[in-house]
Amino acid sequence: MEIGSVLLLNAIVESLEIVIPNSAIMNAKQTKLAILLLAAGQGSRLGNIAKALLKKDGIPLIQRFWQEASALNAIESISVLGFYADEIEPLAKQYSRVVINQQAKEGHGSSVRIGLESLHTHFDLLLIALVDQPRITQTSLELLLNTFETQGDEIDALVPCYQGQRGNPIVMRRRAVLEILDTPTQVCREWLDLHPSRVHFLETNRAEFIADVDTLEDLQRERLAVSYTHLRAHET
């Protein structure tokens, strides 16, 4: 090939913009991801309803989350259950390993802790999500993970924010998780507060990171339906 032709070919190649799909970025870097989904709550402000079984477009929230997360190819997936575990477990087991928090009455922190203690793979990053965030999609999760990949080695956690309010899911590097586990009773929020210089607070214009379901007003806003079977099981 003549020199002029080579130069022309190089110019054409350099001018091309190759777009790599978001879902392929982590795989290309061979980052090992673990996912922890917290679904142990009582739903007391909703009148004692299992949030995991609330339905959006006919799909229970716990199923919806794991379907959205499936493209991330996590090496470990855990659902932490507590209240209503007997009802939720058959569905959760289709997508993840199930861990039961027998101390769910002690609150959210106990579920976080037992979830962290249940991890047994050599993951690089851990994504911790809440089951009652119906707007979270694959795109939401990819945004968090791909943003984390652009951070320097000094950053060990990422927290999404909307209009200054902290949201979820969060992402943590393995060494941060190990530090938490080395400190008895510590959970993620305490670690984040103690190490702000190691946390990237990602300000976004995406309300899905703070949109959760705690009240009947939230349930109506998100257009969620309550499982009839679940209601019948808890009639008094």
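Not measured: the values here are computed from a predicted model. (Residues numbered from 1 in each chain as written. Predicted model: local features only at pLDDT ≥ 70, side-chain atom pairs only at ≥ 80, totals over all residues. Heavy atoms only, no water.)

Undergrad: Can you explain the pattern of salt bridges? Please cite residues and give values.
TA: Pairing is possible between side chains of opposite charge, provided their charged atoms come close. Taken as a whole and judged by the stated rule, the model has 16 salt bridges. A salt bridge links R175 to D153; the shortest N-O distance between them is 3.5 Å. Taken together, the residues span a long stretch of sequence, with R175 in helix α7 (residues 174-181) and D153 in the loop between α6 (138-149) and β7 (157-162) at a distance of 22 residues. Of the residues examined, R175 reaches a relative accessible area of 33% and is grouped as partly exposed. What makes D153 exposed here is its relative accessible area of 54%. We note a salt bridge from E208 to R206, for which the minimum N-O separation is 2.8 Å. A residue is classified by how much of its surface remains accessible, and E208, at 11% relative accessible area, is buried. (Salt bridge = Lys/Arg side-chain N within 4 Å of Asp/Glu carboxyl O. Helix = DSSP H or I, 4+ residues; strand = E, 2+ residues; numbered from the N terminus. Buried < 20%, exposed > 50% of the residue type's maximum accessible area, 1.4 Å probe, protein only.)

Undergrad: Help me get a handle on the side chain of S118, residues and values and all.
TA: With respect to the helices, strands and loops of the structure, S118 is situated in the loop between α5 (108-117) and β6 (125-130). Polar contacts involving the side chain of S118 include one to the main-chain carbonyl oxygen of I114, which spans 2.7 Å. (Polar contact = N/O pair within 3.5 Å; in protein donor to acceptor, adjacent residues only side chain to side chain.)

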